[in-house]
4 protein chains.
Amino acid sequence: MKLSGIIGYPVTPFSHDNKSVDLGKLGQVIDILLEAKVGAIAALGSAGEAAYLSESEWKQVAEYTVKYVNGKVPVVIGVAELTTAQAINYTRYAYEIGASMIMLSPFSYYKLSEQEIYSHYEAVSNATPLPIMIYNNPATCGVDMSPEFMLKMVDGIQNASMIKESSGDIQRMHKIYKLSNGKVPFFNGCNHMALEALNAGASGWCTAAPCLIGDRPKQLFEAVKEGKSEQAKALFYQQYEFLEFIVTSGLAAAVKSGLELQGNGIGDPRKPLQPLGRAERKRLQGLLTEFV
Amino acid sequence: MKLSGIIGYPVTPFSHDNKSVDLGKLGQVIDILLEAKVGAIAALGSAGEAAYLSESEWKQVAEYTVKYVNGKVPVVIGVAELTTAQAINYTRYAYEIGASMIMLSPFSYYKLSEQEIYSHYEAVSNATPLPIMIYNNPATCGVDMSPEFMLKMVDGIQNASMIKESSGDIQRMHKIYKLSNGKVPFFNGCNHMALEALNAGASGWCTAAPCLIGDRPKQLFEAVKEGKSEQAKALFYQQYEFLEFIVTSGLAAAVKSGLELQGNGIGDPRKPLQPLGRAERKRLQGLLTEFV
Amino acid sequence: MKLSGIIGYPVTPFSHDNKSVDLGKLGQVIDILLEAKVGAIAALGSAGEAAYLSESEWKQVAEYTVKYVNGKVPVVIGVAELTTAQAINYTRYAYEIGASMIMLSPFSYYKLSEQEIYSHYEAVSNATPLPIMIYNNPATCGVDMSPEFMLKMVDGIQNASMIKESSGDIQRMHKIYKLSNGKVPFFNGCNHMALEALNAGASGWCTAAPCLIGDRPKQLFEAVKEGKSEQAKALFYQQYEFLEFIVTSGLAAAVKSGLELQGNGIGDPRKPLQPLGRAERKRLQGLLTEFV
Amino acid sequence: MKLSGIIGYPVTPFSHDNKSVDLGKLGQVIDILLEAKVGAIAALGSAGEAAYLSESEWKQVAEYTVKYVNGKVPVVIGVAELTTAQAINYTRYAYEIGASMIMLSPFSYYKLSEQEIYSHYEAVSNATPLPIMIYNNPATCGVDMSPEFMLKMVDGIQNASMIKESSGDIQRMHKIYKLSNGKVPFFNGCNHMALEALNAGASGWCTAAPCLIGDRPKQLFEAVKEGKSEQAKALFYQQYEFLEFIVTSGLAAAVKSGLELQGNGIGDPRKPLQPLGRAERKRLQGLLTEFV
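Treat the numbers as computed from the prediction; the structure is a model and nothing was measured.

### Describing the pairing of strand β6 (residues 160–165) of chain C
Residue and element names in this part refer to chain C.
Here is step 1: Of all six residues that make up β6, five are buried, and the element is covered over most of its length.
Here is step 2: Bridge count for strand β5 (residues 132–136) against β6 is five bridges, and the pairing is parallel. In the strand pairing of β6, isoleucine 134 is matched with isoleucine 163.
Here is step 3: Pairing between β6 and strand β7 (residues 186–188): three bridges, direction parallel. Bridged to glutamate 165 within β7 is asparagine 188.

### Considerations on the interface of chain B and chain A
Here is step 1: In this complex, chain B contributes 28 residues to the contact, which on the side of chain A involves 28 residues.
Here is step 2: Buried surface at the junction of chain B and chain A, summed over both partners, amounts to about 2,700 Å²; 60% is from carbon and sulfur atoms.
Here is step 3: Run the count over chain B and chain A and you get zero salt bridges.
Here is step 4: Remark: the boundary between chain B and chain A carries 20 residue pairs in polar contact (both at pLDDT 80 or more).
Here is step 5: Looking at the side of chain B that touches chain A, the elements that each hand over two or more residues are α4 (114–127), α5 (138–141) and α12 (251–261) of chain B.
Here is step 6: Looking at the side of chain B that touches chain A, the element that brings in the most residues is α4 of chain B, giving four residues.
Here is step 7: Of the residues that constitute the side of chain B that touches chain A, the class distribution is 14 nonpolar, ten polar and four charged.

### Focus: the sheet that holds strand β2 (residues 40–43) of chain D
Residues and elements named next belong to chain D.
Here is step 1: Strand order around the closed barrel formed by eight strands is β1-β2-β3-β4-β5-β6-β7-β8, with parallel pairing between neighbours. Along the sheet, successive strands turn relative to each other by an average axial angle of 30°, direction set aside.
Here is step 2: Note that strand β3 (residues 75–79) and strand β4 (residues 101–104) share four bridges and pair parallel. Each bridged residue has a counterpart across the sheet, and for glycine 78 the counterpart in β4 is methionine 103.
Here is step 3: Against the sheet, helix α2 (residues 55–69) contacts β2 and β3, and its axis sits at roughly 170° relative to β3.
Here is step 4: Along the sheet, helix α6 (residues 147–156) makes contact with β5 (132–136) and β6 (160–165), crossing β6 at roughly 160°.

### As for the UniProt feature "active site" (unreviewed entry) in chain A
Here is step 1: The feature "active site" (unreviewed entry), as given by UniProt, occupies Tyr135 and Lys164 of chain A in the numbering adopted here. For this annotated set, covering 30 residues, all C-alpha atoms fall within 4.6 Å of each other, a compact arrangement in space.
Here is step 2: Other than its neighbours up to four places away in sequence, tyrosine 135 of chain A contacts Ser46, Met103, Leu104, Ser105, Pro106, Tyr121, Met145, Lys164 and Ser166 of chain A together with Tyr109 of chain B.
Here is step 3: By the element assignment, lysine 164 of chain A lies in strand β6 (residues 160–165).
Here is step 4: Not counting residues within four places of it along the chain, the set of residues in contact with lysine 164 of chain A comprises Tyr9, Met103, Met133, Ile134, Tyr135, Asn136, Phe187, Gly189 and Cys206 of chain A.

Definitions and limits used
Residues numbered from 1 in each chain as written. Chains lettered and ligands numbered in written order. Predicted model: local features only at pLDDT ≥ 70, side-chain atom pairs only at ≥ 80, totals over all residues. Heavy atoms only, no water. Buried < 20%, exposed > 50% of the residue type's maximum accessible area, 1.4 Å probe, protein only. Helix = DSSP H or I, 4+ residues; strand = E, 2+ residues; numbered from the N terminus. Pairing = 2+ DSSP bridges. Contact = heavy atoms within 4.5 Å. Buried area = accessible area lost by both parts, 1.4 Å probe. Salt bridge = Lys/Arg side-chain N within 4 Å of Asp/Glu carboxyl O. Polar contact = N/O pair within 3.5 Å; in protein donor to acceptor, adjacent residues only side chain to side chain. Nonpolar A, V, L, I, M, F, W, Y, C, P; charged D, E, K, R; others polar. Axes fitted to C-alpha atoms, helices over the stretch in contact; angles between N-to-C directions. UniProt positions renumbered as here; feature names shortened; annotations may be inferred.

Here it is, written out as structure tokens:
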């Protein structure tokens with residue numbers, strides 16, 4: 001499977017009482033992403049509040065997404081579990097329902113050693129034939145994997161074949177590119193670093209931004225790939241403050257508040273997460289007018 | 001309730017296949033702690049691998065601990081859940097089974113704002129009359145609460161009455177003491193900072209060390225309280241390398257390997273956590289000979 | 001004055017006993033930079049070991065450089081002094097000898113407040129009409145200036161008109177560009193971030209790399225400006241490991257060892273700085289073969 | 001020489017135009033310290049703005065201090081120079097004028113490797129027979145030396161025999177004590193960590209606080225040494241906010257403003273350093289009333 005372009009991240013709509021998932025509204029979010037010309041849909045990532053779902057909710061979202069997307073684009077399923085057993089359980093489920101691949105990150109309570117992380121990835125890889133995107137996001141997952149270590153896992157672990165880098169340090173991408181001779185595909189997971197990531201050789205950009213600003217991320221991706229550097233710069237700076245805002249104010253909260261501002265309200269994030277406050281909401285409204 | 005002295009943390013024994021909790025062996029661990037003269041037992045903390053248990057396992061451990069301790073000392077139950085709903089669920093359970101109090105930390109995937117944390121603590125406080133120890137451990141929980149903010153919660157939230165500080169920065173304790181005029185009890189959660197925490201006015205020391213070194217922590221606590229500063233210093237430095245070792249090599253893994261070295265084997269931590277490697281094991285064995 | 005392209009940094013050659021500056025050899029280094037098609041020469045920067053020179057040595061180097069360059073390209077003089085009085089003294093000297101501008105950084109022992117930094121820049125600005133490039137390099141200077149603060153100085157201080165950013169965080173450049181509407185010229189001071197800095201709108205790249213790899217930096221600059229993004233990427237990755245190496249092993253030491261490896265030996269850095277060790281030297285030799 | 005107790009740091013008074021040192025007023029500051037029962041005087045430390053003095057000013061201050069103290073207590077001279085040659089020059093001067101020892105820190109522009117630091121200390125040690133206190137202060141000097149490395153220098157370098165630790169991390173002191181079996185004397189250089197440093201075995205406390213609060217630091221030192229732990233705690237918390245304040249607002253500026261508030265005005269710090277602003281001044285005034 002050759003993944004490229006914009007990997008779109010749906011948020012997960014909840015019922016009014018915050019107690020269950022609203023699958024109908026999830027379909028609406030997926031439609032928005034497909035209209036934004038994403039190259040793949042990644043369910044159950046950070047933006048999807050996967051960490052805040054019960055096991056049955058998680059499985060509902062995974063299954064519904066695969067069915068709803070119905071092969072139009074590949075479906076990536078995020079797996080970020082504290083125990084290896086649960087990560088295997090979820091990966092097997094993703095395989096059974098026909099997902100295209102998983103994006104696997106080492107969510108942690110205790111800091112994990114490289115040996116512990118390696119064994120975790122290996123055990124998950126051995127559980128199904130699904131391709132694995134190694135996902136490094138120290139800010140949410142509590143462990144930081146170096147480019148060298150992730151490339152070692154790509155080398156040694158059967159299904160580990162791609163990397164998503166969200167540390168926010170562009171040097172990591174340079175290392176991945178240089179150390180792998182440009183052979184290991186890597187994806188940008190830090191929204192407001194998209195311009196440099198794509199210029200540095202990233203195969204794509206993992207983002208929830210298309211939930212709110214349509215195909216602008218796709219336009220930026222294409223401008224870079226076509227060598228239209230002035231246009232790419234202009235597109236990036238047009239999106240820059242918006243991208244920084246959704247990252248720093250919390251992806252799920254920001255996207256959900258943005259959808260409401262756009263008349264596509266799908267409810268609040270799950271507690272303890274809170275929707276944007278009044279001032280942030282107003283700031284977001286201002287940022288969104290840039291794209292009307 | 002007046003909590004003081006050593007708060008002992010049992011590890012959670014698993015069955016050989018790592019798939020279920022071994023309650024019988026948990027009783028043995030609790031016995032070791034009681035013999036070490038702890039002033040309270042704190043189940044389901046970091047050392048107890050609470051983050052790696054299923055809901056039913058978590059409840060088994062909580063219930064068994066309360067029953068087994070049987071009022072000899074207070075039982076504190078650790079609550080560190082990603083959603084507010086689950087934290088309330090667990091806290092209610094702790095109340096139903098007769099626990100003495102809870103130790104509440106804001107485990108996070110998304111970084112939480114102070115407003116989100118405050119609402120989380122408030123909602124949990126409103127769910128039961130149990131006293132709440134606010135627990136700050138940025139290394140495991142992913143959010144860092146300032147002394148000022150924790151004292152604000154003690155002020156404004158009904159049951160929040162104590163603080164456990166595990167950031168490793170002694171200045172936090174000075175702030176808590178000074179800003180509260182010595183009125184808000186605080187506990188040391190950073191093993192190799194015990195000497196200065198107690199000298200700075202900590203009411204007690206939360207530690208899994210008594211699982212392996214008996215009543216030495218209690219001796220250190222008493223030496224400080226009795227103003228025997230030379231003896232306190234000697235006791236601390238005797239324990240120092242051991243305390244630093246169990247923190248830096250992972251509490252659950254270190255304590256479980258140590259119990260095995262002492263002939264009280266209760267199995268391995270749960271994957272992805274791994275038992276100590278050969279070299280660390282040897283190091284631990286050397287450190288333990290200090291206390292024979 | 002419109003500065004653009006590659007700003008080349010000469011190293012400062014010392015006599016064999018390390019006790020005086022060797023001006024003749026300084027001329028050779030300047031020739032190498034001019035052959036590398038630099039758009040300006042920046043004397044007395046980090047690479048020039050300005051911090052390690054006596055006042056009379058500093059003045060010799062400044063005067064010699066201006067005379068030797070003789071108007072072929074602009075000459076920038078680095079000023080990084082602990083006291084405001086000495087910074088003014090050096091700036092006045094730079095003006096008297098006919099330098100084109102100064103690059104001013106707030107070298108510090110005590111951390112400086114923004115008010116202290118602002119007054120420092122203001123006092124220096126009032127001393128001469130020379131344009132000032134604000135230089136942020138927290139790793140060497142011990143204070144970190146935010147984009148917002150530096151733009152405030154550009155706004156409020158007469159001669160402050162440009163920024164050199166060396167923090168290594170690409171987001172700083174995005175901020176400068178966005179907050180100033182692309183109006184305030186900024187320069188890249190972090191060698192192994194050159195590709196993204198130029199793509200993000202940097203006017204130029206401040207670097208000692210041309211001392212060793214000729215006009216490759218200039219080629220990279222032009223490829224980006226002409227929108228040849230694939231070629232720019234290739235040129236960048238060709239230079240990447242070399243650029244990272246000279247930064248992480250110490251610019252002055254690395255460039256001086258490199259010149260010796262290329263048969264242009266000009267002596268060692270000044271103690272406590274040491275020349276590269278045997279292993280690093282070998283690594284550098286390997287990296288340089290890439291460019292023969 | 002056996003150094004112990006409070007090592008008092010005089011600030012350096014300047015003339016009204018900030019252009020020269022006022023030696024007469026320096027004598028007044030030294031008198032204040034001697035009345036505060038310090039065990040030694042340390043001239044030309046951070047508090048003394050040594051980094052901001054010209055060579056001739058530096059020598060004046062050193063010579064005047066030794067003469068004025070006149071053997072009543074030992075005089076330590078701080079040496080923190082960028083070049084090894086200048087550090088040797090200053091150390092020789094300290095020896096010639098009869099100083100008791102030097103306190104040597106590796107002030108840096110380029111980060112220094114351990115090998116570079118080692119050679120720097122070794123060269124200075126070989127220049128005179130003066131005992132050397134190794135001084136670690138990463139916040140001002142830009143390099144951080146580990147306990148292990150400093151003990152290696154104590155082992156291998158003739159005159160290096162003591163350590164002053166100012167990183168603010170109490171664990172460093174535990175390491176020094178434990179790794180040297182309590183044999184290598186270490187001094188606290190972090191004012192608001194004095195209580196725990198002394199309890200952890202520090203031989204003394206290096207501080208400018210006695211310039212403003214007389215013999216309270218000495219009282220705290222003695223309470224700890226005599227095992228009066230409750231009294232030590234009370235004394236520490238009485239001084240705590242004051243100690244934290246002078247550290248966070250800049251030692252030289254804070255002490256000079258404090259002296260002025262107490263009617264002992266000796267002028268401002270040297271630019272770019274500024275005296276305390278109005279609000280900070282008021283805060284300091286409030287803190288000082290605690291000690292009247």
